[in-house]
Amino acid sequence: MADILVIDDNLDFCFSLKAKIELIGHRCRTAVSCEEGLEKILEKCVEVVFLDVVFPGRNGIQAISEFKQLDCSPEVVIVTASADIASAEEAIRKGALDYLVKPLTKDSVQSVIEKAIAFRKKRLFRNPDESFDRSGIIGNSAKLNSCLFALQRASQGPASVLIRGETGTGKELFARAVHANSSRVDDSYVVVDCTNLPKNLAESLLFGHEKGAFTGADQARVGFFQQADGGTLFLDEIGDLDLSVQKSLLRVLQERKFRPLSSKREVKSDFRLVSATNRDIEEMVQRGEFRRDLYYRISNMIVEVPPLRERKEDIPVLVEHYLDSISTQLGKTGLRVSEGYYSCLREYGWPGNVRELVNVVQYSVANADNNELLDIYHLPISLRTFWAKQGIAEEQPQSVQSFKPEVYSSAGDLLVFKDARNQTQAHFELVYLAALAERSGGEIKKACQLSGLSRARLYELLQKHNLSLKS
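Residues numbered from 1 in each chain as written. Predicted model: local features only at pLDDT ≥ 70, side-chain atom pairs only at ≥ 80, totals over all residues. Heavy atoms only, no water.

A.B. asks: Account for the packing of helix H19 (residues 444-451) against helix H20 (residues 455-464), with residues named and values stated.
C.D. replies: When two helices pack together, you describe them by how their axes are tilted relative to each other and by the distance separating the axes. Where H19 meets H20, the closest approach of the two axes is 10 Å, and the angle between their N-to-C directions is 100 degrees. Relative to H20, H19 is oriented roughly perpendicular. Contact residues: H19 offers Ile444, Lys445, Ala447 and Cys448, while H20 offers Arg455, Leu458, Tyr459 and Leu462. (Axes fitted to C-alpha atoms, helices over the stretch in contact; angles between N-to-C directions. Helix = DSSP H or I, 4+ residues; strand = E, 2+ residues; numbered from the N terminus. Parallel < 35°, antiparallel > 145°, perpendicular 65-115°, else oblique. Contact = heavy atoms within 4.5 Å.)

Printed below as a string of structure tokens:
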């Protein structure tokens, strides 16, 4: 039995499809908008979403990625009143599993649900082979392993690969893993940063040039495409390429040959193309900012890199990995991490992803001085402020009353007395100050009256935890 959500602004259709789904033997809820649907999934996970295309002021296809990025990562089945090949193609490219045209029969609904459940199970629980070279990719969460499985499949053939992911997710590591696990591993791996590719020099850098091809060309130069002959060419942030440069890429991607500037001969290059982007190229295609024909050339296989907020179970192993290397570089060995520190990292949203996490660990190690235990007060100001605000949002009096001393490490080991005392005290101070800020309305005078603290002592505690109240 699966949990299923039907999203359609036609209530009659919602109730009709709900009845069919429940008759088949599954649980079903309904929503009349994408926003309501997202809220219901956050309340309770679902395996399959039946999503209408047309909503007032919004296209259901545009919401597919939002549903796919949720923690439960449901399969999305688009349902619509009219057969539209262009919309069907766009829906599949956005991540929909299937595209059905109304009216729906009980048999067609049962068939697509069975397919969706089976596909989702395989997608979420498949792992790469033990022989797969991770190339420095750290973590073992279900979402990461599913991504690595897709990466392993992509590396085994000659098709062009597009790696999509937010800034800081480590897309270059994933691109390098494609090369490392391919038959081209012993040949060249050439990286091109499209963000910093000057428009006026792009063709020269990509295709090379002969001596005298332009002012300043005092010698011939081999371009990136020729350098990648026999190996892999990685175009990082390909979404930043100028349209004129995009046009120049088409023929070389199709024919695998090109003419260097001012050359009378064509050059062949047997390269494997891997691209990466943090932008929505499908949307760029619709706006005319990226060539549709080029997009089809670079996206024979697409690998989605999950953001850190969707694989938070990987945070401890990531912290341990980078803590070891960073502390060794700084000559601070034997550092440990408190549970309070980990609690803050798990709650945080990580807009900068793994790159931001590495910076946070680096800051914490440098800020630890002679302490052997990293705690909340070693975190950057932004995270400490975030943690304090989280405390304020909770029911503080109950939190303070039920506060329990922290005596165990994240690994379950008993902390030494000094570390347990320091960790518990720091956590208590944060929780108490957050409750005090709420009850006093942020006013210093009232806070002193409620807490019994002197103004000087209260300022000292606020400064320690990077908090402030009205004077």
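From this point, the discussion proceeds with the structure in view.
A.B. asks: Account for the sheet that holds strand E3 (residues 48-52), with residues named and values stated.
C.D. replies: One open sheet holds the 5 strands; their spatial order is E2-E1-E3-E6-E7, and the pairing between them is parallel. Every other strand in the sheet has two partners, leaving strand E2 (27-31) and strand E7 (98-101) as the edge strands with one partner each. On average, each strand axis in the sheet is tilted by 20 degrees relative to the strand beside it, whichever way the strands run. The sheet strands contacting helix H1 (residues 11-24) are strand E1 (3-7), E2, E3 and strand E6 (75-80), and the helix crosses E2 at an angle near 170 degrees. The strands touched by helix H2 (residues 34-43) within the sheet are E1, E2 and E3, with E2 carrying the most contacts at an inclination of about 145 degrees. (Pairing = 2+ DSSP bridges.)

A.B. asks: Break down unusual backbone geometry for me, with residues and values.
C.D. replies: Put simply, Lys102 and Pro103 share a cis peptide bond, and its omega is -5 degrees. Looking at the secondary structure, you find Pro103 in the loop between E7 and helix H5 (106-125). Although it is not a glycine, Glu237 sits at a positive phi angle of roughly 50 degrees. Here the phi dihedral of Asp369 falls at roughly 55 degrees; this positive angle occurs in a residue that is not glycine. The residue Asp369 is located in the loop between helix H15 (353-367) and strand E18 (373-374) in this model.

A.B. asks: Which residues make up the pairing of strand E12 (residues 232-236), and what values do they have?
C.D. replies: In terms of burial, E12 is largely enclosed, as 5 of its 5 residues are buried. Side chains of E12 alternate between two faces, with Thr232, Phe234 and Asp236 and Leu233 and Leu235 buried alike. Direction of pairing for strand E9 (residues 189-193) relative to E12: parallel, over a ladder of 5 bridges. Looking at E12, one finds that Asp193 is bridged to Asp236. One ladder, built from 4 bridges, connects E12 with strand E15 (residues 272-277); its direction is parallel. (Buried < 20%, exposed > 50% of the residue type's maximum accessible area, 1.4 Å probe, protein only.)

A.B. asks: Can you break down the pairing of E15 residue by residue, with the values?
C.D. replies: Buried residues dominate E15, accounting for 6 of its 6 residues. Side chains Arg272, Val274 and Ala276 of E15 all project onto a buried face; the interleaved residues Leu273, Ser275 and Thr277 project onto the opposite face, where all are buried too. In this structure, strand E8 (residues 161-164) lies alongside E15, joined through 4 bridges in parallel fashion. Across the sheet, residue Val161 finds its bridge partner in E15, namely Val274.

A.B. asks: Outline the packing of aromatic side chains, listing residues and values.
C.D. replies: Geometry of an aromatic ring pair is reported as the spacing of the ring centres plus the angle between the planes. With the rule as written, the count across this model stands at 9 aromatic pairs. Aromatic pair Tyr348 and Trp350: ring centres 4.7 Å apart, planes at 85 degrees, arrangement edge-to-face. When sorted by exposure, Tyr348 lands in the same class as Trp350, which is buried. Between Tyr348 and Phe386, the ring centres sit 5.3 Å apart and the planes meet at 75 degrees, which makes this aromatic pair edge-to-face. Here Tyr348, found in the loop between helix H14 (339-347) and H15, pairs with Phe386, found in helix H16 (residues 381-393); they are 38 residues apart in sequence, far enough to count as distant. Pairwise contacts between aromatic rings join Phe207, Phe225, Phe258 and Phe271 into one cluster. The ring of Phe271 carries the charged tip of Arg256 above its face, separated from the ring centre by 4.2 Å. (Phe/Tyr/Trp six-rings, centres within 6.5 Å; stacked < 30°, edge-to-face > 60°. Lys NZ or Arg CZ within 6 Å of the ring centre and 35° of its normal.)

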